[in-house]
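Structural overview
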Amino acid sequence: MTAPEPALADVVARLRRAMRRAARTADPDNTLSVAQLELLSCLFENPGARPSRIAQLLKLAPNSVTTMVTGLRARDLVTRTSGGDDRRTVALELTDTGRAAVERWQGHNAAILAAALDGVHPAWRHLIAAAVPALNELVGAIDALAESGQSH
């Protein structure tokens, strides 16, 4: 039996590409890049995070996060506030517009998956649903590897 890792890596990559293409088709007026949407989503999950923490979570260079945040602030999607008692620190928050952009993107993704799953054989739908907890555990394990600096 061959190892499942190459096939799984291939399917995950193809699934991500397919989701990006379908999301662009579903929302052609969306002018945000996937990187910007991922940053907004990360901030949605981590309100009040510092830019350095967002960079760490997304595995991006801090200056890349700063550049994206500057652009997102100009579009009224993100705000910067002082991080509490230490005025040298910065906390990031989504604006209502930023939160709406994340929710719209998540909604499109959910609708795309629902429509696609309707075309999948019921037995496969059942297996896909049953695999979600295992995939969540896999995501956690991959995140732990990324946090520890080990990728392979």
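The notes below deal with the structure included here.

Conventions and cut-offs
Residue indices begin from 1 for each chain and proceed along its sequence in written order. With pLDDT at 70 or above as the cut-off, local features in this predicted model cover only qualifying residues; side-chain atom pairs require 80 or more to be listed or tallied, and sums for whole chains, interfaces and linings still use all residues. Think of the side-chain values as coming from all heavy atoms in the structure, minus any hydrogens and water. Here, axes are lines fitted to C-alpha atoms. For helices the fit covers the stretch in contact, and angles between N-to-C directions go from 0 to 180 degrees. Secondary structure elements follow DSSP: runs of H or I no shorter than four residues count as helices, runs of E no shorter than two count as strands, and numbering proceeds from the N terminus. Orientation labels follow simple angle bins: below 35 degrees gives roughly parallel, above 145 gives roughly antiparallel, 65 to 115 gives roughly perpendicular, and whatever is left gives oblique. Helix crossings are classified by the rotation of the near helix relative to the far one: an anticlockwise turn of less than a right angle makes the crossing left-handed, while a clockwise turn makes it right-handed. The contact criterion used throughout is that any non-hydrogen atoms of two residues lie within 4.5 Å. Just so you know the grouping, Ala, Val, Leu, Ile, Met, Phe, Trp, Tyr, Cys and Pro go in nonpolar, Asp, Glu, Lys and Arg go in charged, and all remaining residues, Gly too, go in polar. Nonpolar cores were defined as sets of buried Ala, Val, Leu, Ile, Met, Phe, Trp, Tyr and Cys residues, with membership established by side-chain atoms within 4.5 Å. Any residue under 20% of the maximum accessible area for its type is buried, any over 50% is exposed, and the rest in between are partly exposed; the area is computed with a 1.4 Å probe on protein chains only.

1. Section: the packing of helix α1 (residues 5-26) against helix α5 (residues 96-118)
Across the interface, α1 lies against α5 with an axial gap of 10 Å and an inter-helix angle of 110°. Classified by the angle their axes make, α1 and α5 are roughly perpendicular. Read as a crossing pair, α1 and α5 show a hand that is right-handed. The segment α1 lies against α5, with M19, A22, A23 and A26 engaging W105, H108, N109, I112 and L113. Among the residues forming the contact of α1 with α5, the class breakdown is seven nonpolar, two polar and no charged.

2. Focus: the packing of helix α2 (residues 34-45) against helix α3 (residues 51-58)
Two elements in contact, α2 and α3, have axes whose closest approach is 10 Å; the angle formed by their N-to-C orientations is 115°. If you check the angle between α2 and α3, you find them roughly perpendicular. Our pair here, α2 against α3, has a crossing hand that is right-handed. Contacts between α2 and α3 involve E38, L39, C42 and L43 on the former and, on the latter, I54, L57 and L58. Of the residues in the contact of α2 with α3, the class split is six nonpolar, no polar and one charged.

3. Comments concerning the nonpolar core
With 24 residues, the main nonpolar core has L40, I54 and V78 as its most contacted residues. Those elements that provide at least two residues to this core are α1, α2, α3, α4 (62-74), β2 (86-94) and α5. Ranked by residue count, the leading element in this core is α2, at five residues. The contacts of I54, once residues within four sequence positions are left out, are L39, C42, L43, A49, V65 and L92.

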